[in-house]
Amino acid sequence: MRTLRLKDGTAIPALGLGTWMMGEGRRSRREEVAALKTGIDAGMTLVDTAEMYGSGASEELVAEAIAGRPDEVFLVSKVLPSNASRRGTVRACEESLKRLRTDRLDLYLLHWRGGVPLAETVEALSLLAEEGKIARWGVSNFDVDDMEELMSVPGGNACVVNQVLYNLEERGPEFDLFPWQDERGIVTMAYSPLGHDGALLEHPVLRQIAERHGVSPAAVALAFATARPGVMAIPKAGSAAHVEENAKGAAMELSGDDRAALDAAFPPPSRKRPLSMI
Ligand code: NDP
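What counts and what doesn't
Residues numbered from 1 in each chain as written. Predicted model: local features only at pLDDT ≥ 70, side-chain atom pairs only at ≥ 80, totals over all residues. Heavy atoms only, no water. UniProt positions renumbered as here; feature names shortened; annotations may be inferred. Helix = DSSP H or I, 4+ residues; strand = E, 2+ residues; numbered from the N terminus. Contact = heavy atoms within 4.5 Å. Axes fitted to C-alpha atoms, helices over the stretch in contact; angles between N-to-C directions. Parallel < 35°, antiparallel > 145°, perpendicular 65-115°, else oblique. Nonpolar A, V, L, I, M, F, W, Y, C, P; charged D, E, K, R; others polar. Phe/Tyr/Trp six-rings, centres within 6.5 Å; stacked < 30°, edge-to-face > 60°. Buried < 20%, exposed > 50% of the residue type's maximum accessible area, 1.4 Å probe, protein only. Pairing = 2+ DSSP bridges.

## Quick word on the UniProt feature "domain: NADP-dependent oxidoreductase" (unreviewed entry) in the protein
Under the UniProt annotation, the feature "domain: NADP-dependent oxidoreductase" (unreviewed entry) is placed at residues 15-264. Secondary structure content for residues 15-264 is 43% helix and 13% strand, while the C-alpha to C-alpha distance between its ends is 25 Å.

## Concerning the UniProt feature "site: Lowers pKa of active site Tyr" (unreviewed entry) in the protein
Following the UniProt record, one finds the feature "site: Lowers pKa of active site Tyr" (unreviewed entry) at Lys78. Take Lys78: it is sitting in strand β5 (residues 74-79). Those residues within four positions of Lys78 in sequence are excluded, and the remaining contacts are Asp48, Thr49, Ala50, Glu51, Tyr53, Tyr108, Leu109, His111 and Gln163.

## Quick word on the packing of helix α2 (residues 57-66) against helix α3 (residues 86-100)
At a minimum axis separation of 7 Å, α2 and α3 run at an interaxial angle of 45°. In terms of axis orientation, α2 runs oblique to α3. Two secondary-structure elements touch here, α2 through Glu59, Glu60, Val62 and Ala63 and α3 through Ser96, Arg99 and Leu100. In terms of residue class, the contact of α2 with α3 is built from three nonpolar, one polar and three charged.

## Digging into the packing of aromatic side chains
Enumeration over the complete set of coordinates arrives at three aromatic pairs. Ring geometry for Tyr166 against Phe178: centres 4.8 Å apart, planes inclined by 80°, an arrangement best described as edge-to-face. In this pair, Tyr166 sits in the loop between β8 (161-165) and α6 (177-184) while Phe178 sits in helix α6, placing the two residues 12 residues apart along the sequence. The burial state of Tyr166 is the same as that of Phe178; both residues are buried. Through a chain of ring-to-ring contacts, three or more aromatic side chains come together here, namely Tyr166, Phe178 and Phe224.

## Considerations on the sheet that holds strand β6 (residues 107-110)
Sheet strands associate in pairs through backbone hydrogen bonding, adopting either a parallel or an antiparallel arrangement. Across the sheet, eight strands lie side by side as β3-β4-β5-β6-β7-β8-β9-β10; this open sheet has parallel pairing. The open sheet has two free edges, formed respectively by β3 (17-18) and β10 (231-233), since each of these has just one partner strand. Here three bridges tie β6 to strand β7 (residues 137-140), and the two strands are oriented parallel to one another. Within β7, the position partnered with Leu109 by the bridge is Gly138.

Written out as structure tokens, the structure reads:
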């Protein structure tokens, strides 16, 4: 699996595993656990979860999937903005650690901006890092102005990742957010890289490219999402078969013709667009 480097030198895979809406009975627990294990076996060793997902059910499912192999996995969870006070962040992290049955997260993210001043949340994240409960921290759903504000608070420049909505239909961050982050070595985690609801994967251009390469449309969407050097993606898949298709996205290279066809169908931004979020 291709890797990216975080600011501190740590390598992470170009493709990880999303887990929103897992552990909630959409598929059998056995099938979902098998899907995550298949992904880890295929090198998609970064697992993204959050206290919000199924009110902890996703974290509990992840604990089951990574049992016995904690050192192979780069574990990411997130604190809700409503919990992101100084004490609330620490408490939320400790609860996540319990559900994940581990004593340290590799990365802890502020899920989106809420009412708590950034300085207060950063203080709590710094404390968690000092205590060794998290190895590093980042943010999610931050546009350029939010990132600039983050850099201005004490300790804010320790942020290593911004997790944002990015896929063929949502290319806005290419205009200004990605260049801003590239300059500072902040890695992007692309969420909903398959378009979240499946409609993107039906697009005829995506299907044609997929057919030419002998892969699934999902692999094409993921090859696109991870083509930039500072961007990795976290597709969610509830079955081992889907995970196996997705893993191919990291190995696949889009040709000049493929890129031109994608740009024609999903034009890159020519001006600033406010960051969208799901
Ligand atoms: P995705 O873009 O990953 O799409 C998930 C959907 O695609 C599911 O319905 C899944 O179905 C389907 N799918 C997966 N693989 C294939 C395949 N090979 N062929 C056809 N369909 C496929 O959407 P998400 O919104 O889940 O985003 C991914 C992850 O990003 C989340 O799970 C979460 O971890 C994170 N996230 C973070 C947010 C934030 O605010 N920070 C917001 C949204 C997401 P099936 O399950 O049946 O395989």
